[in-house]
Amino acid sequence: MLKIYGRADGINVRKVLWLCEEMALTYEREDWGRGYRPTSDPEFQRVSHFGLVPVIEDDGFILRESNSILRYLARKHGRQDLLPEDLRARATVEAWMDWGVSDGFAGLRPVFLGLHAKTPEFVGKSELINWGIWHWNRQLQRLDADLGKSGGPYVCGADFTLADIPVGMIVNRWLSLDFEKPELPAVARYYEQLSTRPAYRIHGRNGTP
Ligand SMILES: N[C@@H](CCC(=O)N[C@@H](CS)C(=O)NCC(=O)O)C(=O)O
């Protein structure tokens, strides 16, 4: 059976749990990471010496990196609706997935860790946190403009794809944390659209930033 290593409140773990729920996959999960067993434990280091969650183990195959896990599971189960075979359609999905671990995530990190998780590296680092707010807001403004143009309702158009998973997690966190942000009507509509999906309500918009 598919095994997932990682705490269910980690944003990157939640991406994998959300997809499993969308695809009705059965899995077992072990809590690892901040607040649970530390990933420096030799038992975790055996599966990934990078010390980050999620990691999956699928019939002896071990894989880290949440977006790679999403692609692996969608392809394994032949879900071309989530990750299209068509060259350009897939590239568009992957561009949003890349955004979700690069520009879309860069500002989120100091804001979340400094204001919410309060990890020692970020607490009180107001310059870094303020830069994060500025950068994150700017990125979400671009998402808003794009959603406004494409007509959505999903980030790649009419259909839900893997792209919505990293983007939807970022949107939930952005809307859930308390800091100064602009009104983004297309992002707000997108959030409501995602919230029609039971899997998003379980692992995305579930009260956790
Ligand atoms: N690029 C990695 C990032 C993984 C990551 O940063 N995971 C966080 C949790 S969401 C983590 O392991 N934090 C340390 C911990 O929980 O101990 C991915 O997308 O999987």
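Residues numbered from 1 in each chain as written. Predicted model: local features only at pLDDT ≥ 70, side-chain atom pairs only at ≥ 80, totals over all residues. Heavy atoms only, no water.

### Section: the overall build of the protein chain
A count of helices and strands for the protein chain gives 10 helices and four strands. Mapped in sequence order, the helices and strands of the protein chain form the string β-α-β-α-β-β-α-α-α-α-α-α-α-α. Rg of the C-alpha trace for the protein chain: 17 Å, near the compact-globule value of 17 Å for 209 residues, within the 12% margin. Buried positions account for 50% of the 209 residues belonging to the protein chain. (Helix = DSSP H or I, 4+ residues; strand = E, 2+ residues; numbered from the N terminus. Rg over C-alpha atoms; globule rule 2.2 N^0.38 Å. Buried < 20%, exposed > 50% of the residue type's maximum accessible area, 1.4 Å probe, protein only.)

### A look at the site of the ligand
Close to the ligand lie Arg7, Gly10, Ile11, Asn12, Gly33, Arg34, Leu52, Val53, Pro54, Glu65 and Ser66. A distance of 3.4 Å separates an oxygen atom of the ligand from a polar atom in the side chain of Asn12. Interatomic distance of 2.9 Å between a backbone N/O atom of Arg34 and an oxygen atom of the ligand. In the complex, 78% of the free accessible area of the ligand, which totals 510 Å², lies under the protein chains. When atom positions are compared with the pocket grids, the ligand is found to occupy the largest pocket. Considered class by class, the residues forming the shell around the ligand number four nonpolar, four polar and three charged. (Near = heavy atom within 4 Å. Polar contact = N/O pair within 3.5 Å; in protein donor to acceptor, adjacent residues only side chain to side chain. Areas by Shrake-Rupley, 256 points an atom, 1.4 Å probe, with all protein chains shown as cover. 1 Å grid on protein atoms, 1.4 Å probe; cavity = no way out; pocket = protein on both sides within 12 Å on 5 of 7 lines; lining within 4 Å. Sits in = over half its atoms within 2 Å of the grid points. Nonpolar A, V, L, I, M, F, W, Y, C, P; charged D, E, K, R; others polar.)

### Focus on the domain arrangement of the protein chain
Interface size is commonly expressed as the accessible surface area that is lost when the partners come together. Annotation of the protein chain at the domain level lists domain 1 (2-76) and domain 2 (87-200). Taking only C-alpha atoms into account, the centre of domain 1 sits 21 Å from that of domain 2. With 15 residues of domain 1 at the interface, the matching set in domain 2 holds 24 residues. For the pair domain 1 and domain 2, the interface holds two salt bridges. Notably, a salt bridge pairs Arg197 with Glu22, separated by 2.9 Å at the nearest N-O pair. Counting across the interface, domain 1 meets domain 2 through two residue pairs in polar contact (both at pLDDT 80 or more). Elements that contribute at least two residues to the side of domain 1 that touches domain 2 include exactly α1 (11-22) and α3 (66-76). The dominant element in the side of domain 1 that touches domain 2, judged by the number of residues it contributes, is α1, at eight residues. Class assignment for the residues of the side of domain 1 that touches domain 2 results in five nonpolar, two polar and eight charged. (Domains from an automatic or database assignment. Contact = heavy atoms within 4.5 Å. Salt bridge = Lys/Arg side-chain N within 4 Å of Asp/Glu carboxyl O.)

### Regarding the sheet that holds strand β4 (residues 61-64)
Strand order in the open sheet formed by four strands is β2-β1-β3-β4, and the pairing between neighbours is mixed. Edge positions in the sheet fall to β2 (27-30) and β4, since each of these pairs with one other strand and no more. On average, adjacent strands in this sheet sit at an angle of 20° to one another, irrespective of strand direction. The pairing of strand β3 (residues 55-58) with β4 spans four bridges and is classified as antiparallel. Bridging from a neighbouring strand, Asp58 pairs with Phe61 of β4. On top of the sheet, α1 reaches β1 (2-5) and β2; it is set at about 155° to β1, its chief contact. Across the sheet, α3 touches β1, β3 and β4, and the angle it forms with β4 is around 135°. (Pairing = 2+ DSSP bridges. Axes fitted to C-alpha atoms, helices over the stretch in contact; angles between N-to-C directions.)

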